[in-house]
Amino acid sequence: MGFLLRREEVLNVEQLQSMLDDSPVRAAQAILMAAKEGVVDAQALLGQILLEGRGIARDEALALCWFRIAAQGGHLMARNMAGRCLEPGWGCAVDEAAAAREYRKGAEAGLDWAQYNYANLLATGRGVAEDQSQALSFYRRAAEQGHAKSMNLLGRSLEDGRFFAQDLEAAVGWYRRSAEGGDFRWQFR
């Protein structure tokens with residue numbers, strides 16, 4: 001089944017994202033066209049819909065390919081998503097060291113999700129040498145940008161007194177911000 005698409009549809013990523021709800025197959029076609037035309041946001045979005053199988057056949061290996069293309073074009077979330085594919089082996093062999101490199105590049109460029117993911121690897125020594133101090137530094141950077149899960153981890157560290165002097169008042173503050181940011185798992189804290 002073919003669709004006629006105006007050039008504006010091919011190049012307007014916000015419109016493509018909203019099309020996903022109304023017509024996933026049509027949106028996938030338009031996203032693919034925009035990605036092939038070099039629209040970096042569309043390349044990242046194509047990776048995401050391929051990963052999810054939304055409007056297009058699920059293909060984790062091809063998703064990783066498009067995330068890497070978009071990352072080369074400077075798309076930070078695509079770089080993070082390449083790491084998300086490499087870490088558990090979605091569409092490739094598990095490669096935590098390569099995932100760490102992708103996360104680190106995104107983290108150093110300021111992406112909160114990449115900071116959180118890189119911190120997780122640092123905290124557990126997966127793909128990189130374990131470094132709790134560096135992990136907390138990246139969690140803090142992400143938390144200061146409003147990343148709810150990172151806020152929670154800082155709160156827990158302050159509550160436990162593991163890496164900082166115990167500060168229950170500061171812990172409550174981070175937990176509150178985390179809960180307000182949507183981290184439902186820790187709203188009870």
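From a predicted model like this one, the values you see are computed outputs, not experimental measurements.

### A few points about the packing of aromatic side chains
Okay, so step 1: Counted by the stated rule, this structure contains three aromatic pairs.
Okay, so step 2: Consider the rings of W113 and Y116, whose centres lie 5.7 Å apart with planes at 85°: the pair is edge-to-face. Of this pair, W113 and Y116 both sit in helix α8 (residues 112-124), three residues apart, which is roughly one turn of the helix.
Okay, so step 3: Take W113: its relative accessible area is 34%, and that puts it in the partly exposed class.
Okay, so step 4: Plain terms: the ring middles of Y118 and F138 are 5.1 Å apart, the flat faces sit at 80° to each other, and that makes the pair edge-to-face. Residue Y118 is located in helix α8, and its partner F138 is located in helix α9 (residues 132-144); the two are separated by 20 residues in the primary sequence. Taken individually, Y118 and F138 each receive the classification buried, so the pair is uniform in this respect.
Okay, so step 5: Members of the aromatic cluster, connected to one another through ring pairs, are W113, Y116 and Y139.
Okay, so step 6: Its guanidinium or amino end placed over the ring of F138, R141 lies 4.3 Å from that ring's centre, counting from NZ or CZ.

### Things to note about the pattern of salt bridges
Okay, so step 1: All told, the structure shown has eight salt bridges when counted by the stated rule.
Okay, so step 2: Taking the shortest distance from any N to any O, the salt bridge between R84 and E87 comes out at 3.9 Å.
Okay, so step 3: Judged by relative accessible area, which is 27%, R84 ranks as partly exposed.
Okay, so step 4: Residue E96 is joined to R126 by a salt bridge in which the shortest nitrogen-to-oxygen separation is 3.4 Å. Here E96, found in helix α7 (residues 96-108), pairs with R126, found in the loop between α8 and α9; they are 30 residues apart in sequence, far enough to count as distant.
Okay, so step 5: The exposure class assigned to R126 is partly exposed, which follows from its relative accessible area of 27%.
Okay, so step 6: Look at the salt bridges and you will find they share partners, linking R84, E87, E96 and R126 into a network.

### Looking at the packing of helix α10 (residues 148-160) against helix α11 (residues 168-180)
Between two packed helices, both the angle of their axes relative to each other and the distance between the axes serve to describe the pair.
Okay, so step 1: In the contact formed by α10 and α11, the axes pass within 8 Å of each other and the chain directions differ by 160°. One way to sum up the angle between α10 and α11 is to call them roughly antiparallel. With respect to the hand of their crossing, α10 and α11 are arranged in left-handed fashion. Between α10, through A148, M151, N152, L154, G155, R156, L158 and E159, and α11, the contact on the second element is made entirely by L168, A170, A171, W174, Y175, R177 and S178.
Okay, so step 2: Looking at side-chain class alone, the contact of α10 with α11 contains nine nonpolar, three polar and three charged residues.

### Quick notes on the nonpolar core
Okay, so step 1: Ranked by size, the top nonpolar core spans 53 residues in total, and within it I31, F67 and Y139 carry the most contacts.
Okay, so step 2: Those residues in contact with Y139, other than ones at most four positions away along the chain, are Y116, A119, N120, A123, S150, L153 and L154.

### Some thoughts on α9
Okay, so step 1: If you check α9, its first and last C-alpha atoms are 18 Å apart, about what 13 residues at 1.5 Å a residue would give, namely 18 Å.
Okay, so step 2: Among the residues making up α9, those that are buried are A135, L136, F138, Y139, A142 and A143. Down the axis of α9, the sector holding all buried residues measures 165°, keeping them to one side. α9 presents S133 and E144 as exposed residues on the side facing more than 90 degrees away from its buried surface.
Okay, so step 3: Sitting at the amino-terminal end of α9 is D131, which places a side-chain oxygen 3.3 Å from the backbone nitrogen of S133.

### Quick notes on the environment of L136
Okay, so step 1: Relative to the helices and strands, L136 is located in helix α9.
Okay, so step 2: Along the chain, L136 and R26 lie 110 residues apart, while their C-alpha atoms are 43 Å from each other.
Okay, so step 3: If we ignore the near neighbours within four places in the chain, the residues touching L136 are L154, S157, F163 and F164.

Thresholds applied
Residues numbered from 1 in each chain as written. Predicted model: local features only at pLDDT ≥ 70, side-chain atom pairs only at ≥ 80, totals over all residues. Heavy atoms only, no water. Phe/Tyr/Trp six-rings, centres within 6.5 Å; stacked < 30°, edge-to-face > 60°. Helix = DSSP H or I, 4+ residues; strand = E, 2+ residues; numbered from the N terminus. Buried < 20%, exposed > 50% of the residue type's maximum accessible area, 1.4 Å probe, protein only. Lys NZ or Arg CZ within 6 Å of the ring centre and 35° of its normal. Salt bridge = Lys/Arg side-chain N within 4 Å of Asp/Glu carboxyl O. Axes fitted to C-alpha atoms, helices over the stretch in contact; angles between N-to-C directions. Parallel < 35°, antiparallel > 145°, perpendicular 65-115°, else oblique. Left-handed = near helix turned anticlockwise from the far one by under 90°. Contact = heavy atoms within 4.5 Å. Nonpolar A, V, L, I, M, F, W, Y, C, P; charged D, E, K, R; others polar. Core = buried A, V, L, I, M, F, W, Y, C linked by side-chain atoms within 4.5 Å. Expected span 1.5 Å × (residues − 1). Arc of directions from axis to C-beta. Polar contact = N/O pair within 3.5 Å; in protein donor to acceptor, adjacent residues only side chain to side chain.

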